[in-house]
Amino acid sequence: MSEITYKPGHEPHPRETRRIFRNIDRVGYTPSIESFLEDGGYEALKKALAMEPAAVIDEVKKSGLRGRGGAGFPTGVKWTFIPRGNTKPVYLVCNCDESEPGTFKDRFIVHQDPHQLIEGMVIACYAVQAHYAIIYMREEFPEAAKIVREALEEAEKNGFVGKNIQGTGYDLKIILHRGAGAYICGEETGLINSIEGVRPYPRIKPPFFPAAIGLYGCPTIVNNVESLCQVRQVLLRGGEAYASEGAQRSPGTRIIGVSGDVKKPGYYEIISGSITYGELLYDLCGGPKEGRKFKAIIPGGASAKVMRCDEVLTGRNPDGSVRKMSIFGVPMDLDSIAAHGSMSGSGGVIVMDDSRSMPEMLRNLNRFFAWESCGQCTPCREGNPWMLKLSTRICEGKASPEDVDLLKSVADNICGRTVCAFGEACSWPVQAFTTKFREEFLALTKPINAFKPHNPESAEARKYMTRED
Amino acid sequence: MIELTDDICALAKDVPSPGEKFYPVFEPTPELAAEAHGYVTMYPEGREQSAVLPIIHMVQEKFGFISARSIPWIAEMCKSTPIHVAGIVSFYPGIRRKCPGKWHIRVCHTIACAMSGGEDLLKFICGKIGVKPEEMTEAEPMAVSADGLWSIEAVECLAHCGFGPNVMVNDTLYSQVTPEKIDEVLEDYRRRD
Ligand SMILES: Cc1cc2nc3c(=O)[nH]c(=O)nc-3n(C[C@H](O)[C@H](O)[C@H](O)COP(=O)(O)O)c2cc1C
Ligand code: SF4
Ligand code: FES
C-alpha cells in the first residue's frame, strides 16, 4: 500500500493503528468517491455481495465486533435478533447523533471519509436484508449533511447504492435524516421516534427491542457510525483475523477522543487493549500541562463514572496473581475498565488536573443532563433539575453537609427507575463524584471555605473553590 | 370553556425579534410545497409524518424560524395536525420559535469546552455583539442583538471536545477559539454583506 502523508501537525502517534481514521487528515484525500476508490474502497462490499447474507452475519459474529455507540453490544448478535420468519421490511439506522459530551469521532468520518460509512452500511444492510436505511445525523453537522448527501449520490451513480447494486439484484435506498439538537435522539428508540416524526421519547425496551419492533413497527437495526465502519474492516480482514487482534473480548481498533487537561488532546486510534490509560495520557497525549498533576479521569463520555487518579485498584496479572495499580495501569479495552466500576463507553476520555474543582465539573454535567432530559419519566425530569440546584448550591458555598448526601440519594433514586438508560447516564456521574471526591463537596459546605480559592489562577476565575488545606 | 391564557396562546403568537428584517416572511408557495413534497417522498408510503423534521428544517433555513403561520402549513405538508407539529417544534432545542439574527452564534458550554474557557468566551461574545448574558434564559435560550445582526445561544457538546472552546457561526465551526480569534471572525462576518 502506498505511503500516506498526513497534514503537518496531524501525524498519528507511532503507537496508533489507523484503520477507520486512515484517511483522516490525509494530504490530498477528499470526501469524493474517487479518493475512496483509489484507496481500495468498495472492495469489502464486493466481497460481501458474493457471500450469502447469513454468511456475512456469521463473519461479523466471528469477529467479536462490539458496538462503538456506548453500550458495547456485539454487533453480529444484534443482527440475529431479527425474528425468524419475519415478513415485514427490515430497516437499518446509522446513529450519527454523536452528542455524548467528550465523544468526537463520528464527526471526522462523516466530514472527511463518508464513503467508508456508506460502504459499511451497505454491507450491514445486505447482511440483514434491509432495503431501506437511514443515516440519522445531528443537526449541528450541517456541512457533513451536504457531504454525505453528495456521497450518497455518487455512490448511487457508481452502482453501490440504489437499485440492483453491482448487478446482484439487491436494492437499497439510503436517506439522510437530520435531528434538531436533542441529546436524547442518540438513544436508539428516541431516535426511531424522531424518524417517525413524533416527539423523540424513548420507548420502553424489554420485552421488545428495536431489532424486533422498531421503526414503523418493523425490525430495525441501530448501529453507530464507527461500528458500521468496523463492519467494513471485518469484511476486509476476515472475521477470525479481526477477532485475533486486540483484547480478546473486545477486538479491533478503537477511536479514543481525549479532551481536557492534557498537553495534546485529540483523537487516537489504537488497537483495543494495546495500551493503558497511563500510556495514553503520558505517551500519546504528552502528559499533564506544565506544573500540573492529573487528578481525575472520566473514561468513557460524560455519563461514565469518574475515576480518581490516586485511587488504588486491584488488577490481575496474566498469571492470575493480584496486583495493586492505579487507573493508569488499566488497559484500554471495554471490559478492564468496567471491572473497576466505570465504563469505556463511546471512547471519550475527559481528563481533569489538580486545578479543577470537582463540584464545579459535576455542576456542569448536571446542567447538561437537566437540559437534555426528555421529560417522560418523573424521576429523571424532576431529579435532574433538583440535582443541578443542589450542586449549584454546593458550588456557591450555600449548602449544608447534608446536601451532599441528598444529592447522592437523588441520583440513587433515579437510576434503575426510568424508561431509558439516560437515567443511569445522569446518575452515575453524581454517584461517582460525590463518593470519590466527597471531601471536596463537604469542604464547600463549610462557610469559611466557601470563597477560599484553590490556586492563583482560579482565584482570578473565582469559581474554583475547593479543599480546606 | 378553556380560558385562553397567555400560556395557551403562546403557540399561536410569534415573539418579535430584530432579526426578522434579514429573513423573508413565511409565505406558502407552490415551489415551497414542491420542495416539501420532495422530503415526504423520501420516506416509505404512508409515513408522511416522518418528513416533519426535514420540512421544519427547510422552513427554518429559509425564514429563520418556525412562525405560528407556518405550523398549519407544515402540518398539511406532512399530513399531520398543527398541534402535533407544535409539539415537535416545542421539543427540540434546535428548532426556533423566534427569529435569530443574520449571524447565529452557538457557543458550547459543556464540560470539555467549559474547561477550556467556553463560559467566559460566551460572556465575551455577548459583550461584543451587545447582548446581556442574562437575556439568555432557560425559556428563551437565544438572545438577539438590537440591530438584528447577531443572535447568540449557549449549546451543549458539539462533538469536537478535544479542541475547545468550540463556537459555531451559522453553519461553520470554529475551534480553540480565543477572544482575539473570535474578534477577527466576527469582524469578518460584519464585513460580509
Ligand atoms: C441517553 C443515550 C444517548 C445515546 N447517544 C448516542 C449517540 O449519540 N451516538 C450513538 O452512537 N449511540 C448513542 N447511544 C447508544 C444507542 O442507544 C445505541 O446503543 C447505539 O447506537 C447502538 O449502536 P452500536 O451497537 O453500534 O453501539 C445513546 C444511548 C443513550 C441511553
Ligand atoms: S430516563 Fe429521562 S431521558 Fe430517558 S425516557 Fe425517561 S425522562 Fe426521558
Ligand atoms: S464539550 Fe464542547 S464540543 Fe464537546
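Note that the coordinates shown come from a computational prediction; the quantities given were computed from them, not determined experimentally.

J.: Where do I start with the packing of aromatic side chains in this structure?
T.: Following the criterion strictly, the structure yields 27 aromatic pairs over all chains and no others. Summarising the aromatic geometry, the rings of Tyr282 of chain A and Phe294 of chain A are spaced 5.3 Å apart at their centres and angled 70 degrees between planes, so their arrangement reads as edge-to-face. Within this pair, whereas Tyr282 of chain A is found in helix α11 (residues 277-284), its partner Phe294 of chain A is found in strand β7 (residues 294-298), the two being separated by twelve residues in sequence. Of the residues examined, Phe294 of chain A reaches a relative accessible area of 10% and is grouped as buried. By the ring-pair criterion, three or more aromatic residues cluster together here, those being Phe21, Phe104, Phe108 and Tyr267 of chain A together with Phe163 of chain B. Sitting above the plane of the Trp103 of chain B ring, Arg192 of chain B keeps its charged end 5.9 Å from the centroid. Of note, Arg192 of chain B hangs over the ring of Tyr189 of chain B, and the distance from its end group to the ring centre comes to 4.2 Å.

J.: I'm lost on the site of ligand 2 in this one. Help?
T.: All names here are of chain A. Close contacts around ligand 2 come from 13 residues, with Cys374, Gln376, Cys377, Cys380 and Cys420 the closest. Because more than half of its atoms lie within 2 Å of the grid, ligand 2 is assigned to the second largest cavity. For the shell around ligand 2, the class distribution of residues is eight nonpolar, five polar and no charged.

J.: I'm lost on empty space enclosed by the protein in this one. Help?
T.: Over the atoms, a rolled probe matching the size of one water molecule traces out where space is still vacant. The full count for this structure, using the stated rule, is five cavities of 30 Å³ or more. The computed volume of the largest cavity comes to approximately 200 Å³. In this structure, the largest cavity is lined by 20 residues; those nearest its centre are Glu140 and Gly181 of chain A together with Pro93, Val155 and Glu156 of chain B. Those elements that place two or more of their residues in the lining of the largest cavity are α13 (358-372) of chain A together with β3 (150-155) of chain B. Within the lining of the largest cavity, the residues separate by chemical class into nine nonpolar, three polar and eight charged.

J.: Can you walk me through the packing of α13 of chain A against helix α16 (residues 422-436) of chain A in this structure?
T.: The packing of two helices is summarised by the inter-axis angle and the distance between the axes. Residue and element names in this part refer to chain A. Packing of α13 against α16 brings their axes to within 10 Å, and their N-to-C directions diverge by 165 degrees. Considered as vectors, α13 and α16 are oriented roughly antiparallel to each other. Relative to α16, α13 is oriented so that their crossing is left-handed. Between α13 and α16, the residues in contact are Met358, Met361, Leu362, Leu365, Asn366, Phe369 and Glu372 and Phe422, Ala425, Cys426, Pro429, Val430, Phe433 and Thr434, respectively. The residue inventory of the contact of α13 with α16, partitioned by class, reads eleven nonpolar, two polar and one charged.

J.: What am I meant to see in the sheet that holds strand β1 (residues 91-96) of chain A here?
T.: Each strand in a sheet pairs with its neighbour through backbone hydrogen bonds, running either in the same direction (parallel) or in the opposite one (antiparallel). Residue and element names in this part refer to chain A. Reading across the sheet, the four strands line up as β3-β2-β1-β4 and stay open at both edges, with parallel pairing between neighbours. The open sheet is flanked by β3 (173-178) and β4 (220-224), the only strands paired with a single partner. Strand after strand, the sheet turns through a mean of 20 degrees between neighbouring axes, direction not considered. The pairing of β1 with strand β2 (residues 132-137) spans six bridges and is classified as parallel. Bridge pairing in β2 links Val93 to Ile134. This element, helix α7 (residues 142-157), spans β2 and β3 of the sheet and lies at about 170 degrees to β3.

J.: Any chance you could explain the interface of chain B and chain A here in plain terms?
T.: Accessible area lost during the coming together of the parts is what is often quoted as the interface size. Each partner contributes residues to the interface: chain B has 43 residues there, and chain A has 60 residues. It is Phe91, Ile111 and Met115 of chain B in chain B that bury the most area against chain A; as a group they hold 18% of the surface buried on that side. Inspection of the chain B/chain A interface yields five salt bridges. Run the count over chain B and chain A and you get 20 residue pairs in polar contact (both at pLDDT 80 or more). Residue assignment for the side of chain B that touches chain A shows that the elements contributing at least two residues are α3 (52-63), α5 (82-91), α6 (111-115) and α7 (118-129) of chain B. Here the residues of the side of chain B that touches chain A sort into 23 nonpolar, twelve polar and eight charged.

J.: Any chance you could explain the site of ligand 1 here in plain terms?
T.: All names here are of chain A. As a structural note, the neighbourhood of ligand 1 is formed by 18 residues, with Gly69, Lys78, Asn95, Asn224 and Ser227 the closest of them. The contact in question runs from an oxygen atom of ligand 1 to an N or O atom on the backbone of Glu188, over 3.1 Å. With respect to ligand 1, the side chain of Asn223 contributes an N or O atom lying 3.0 Å from an oxygen atom. Expressed as a share of its isolated accessible area of 610 Å², the protein-covered part of ligand 1 is 91%. Here ligand 1 occupies the largest pocket. Counting residues per element, the shell around ligand 1 draws most heavily on β4, at three residues.

J.: How should I be thinking about the domain arrangement of chain B in this particular structure?
T.: All names here are of chain B. Domain boundaries assigned for chain B yield domain 1 (6-91) and domain 2 (103-192). Each side of the interface is counted separately: domain 1 has five residues, and domain 2 has six residues. Roughly 380 Å² is buried in total at the junction of domain 1 and domain 2, and carbon and sulfur atoms are behind 60% of that figure. Our enumeration of links across domain 1 and domain 2 arrives at zero salt bridges.

Rules of the game
- Residues numbered from 1 in each chain as written.
- Chains lettered and ligands numbered in written order.
- Predicted model: local features only at pLDDT ≥ 70, side-chain atom pairs only at ≥ 80, totals over all residues.
- Heavy atoms only, no water.
- Phe/Tyr/Trp six-rings, centres within 6.5 Å; stacked < 30°, edge-to-face > 60°.
- Helix = DSSP H or I, 4+ residues; strand = E, 2+ residues; numbered from the N terminus.
- Buried < 20%, exposed > 50% of the residue type's maximum accessible area, 1.4 Å probe, protein only.
- Lys NZ or Arg CZ within 6 Å of the ring centre and 35° of its normal.
- Near = heavy atom within 4 Å.
- 1 Å grid on protein atoms, 1.4 Å probe; cavity = no way out; pocket = protein on both sides within 12 Å on 5 of 7 lines; lining within 4 Å.
- Sits in = over half its atoms within 2 Å of the grid points.
- Nonpolar A, V, L, I, M, F, W, Y, C, P; charged D, E, K, R; others polar.
- Points joined across faces, edges and corners; volume = space filled by probe spheres on them.
- Axes fitted to C-alpha atoms, helices over the stretch in contact; angles between N-to-C directions.
- Parallel < 35°, antiparallel > 145°, perpendicular 65-115°, else oblique.
- Left-handed = near helix turned anticlockwise from the far one by under 90°.
- Contact = heavy atoms within 4.5 Å.
- Pairing = 2+ DSSP bridges.
- Buried area = accessible area lost by both parts, 1.4 Å probe.
- Salt bridge = Lys/Arg side-chain N within 4 Å of Asp/Glu carboxyl O.
- Polar contact = N/O pair within 3.5 Å; in protein donor to acceptor, adjacent residues only side chain to side chain.
- Areas by Shrake-Rupley, 256 points an atom, 1.4 Å probe, with all protein chains shown as cover.
- Domains from an automatic or database assignment.

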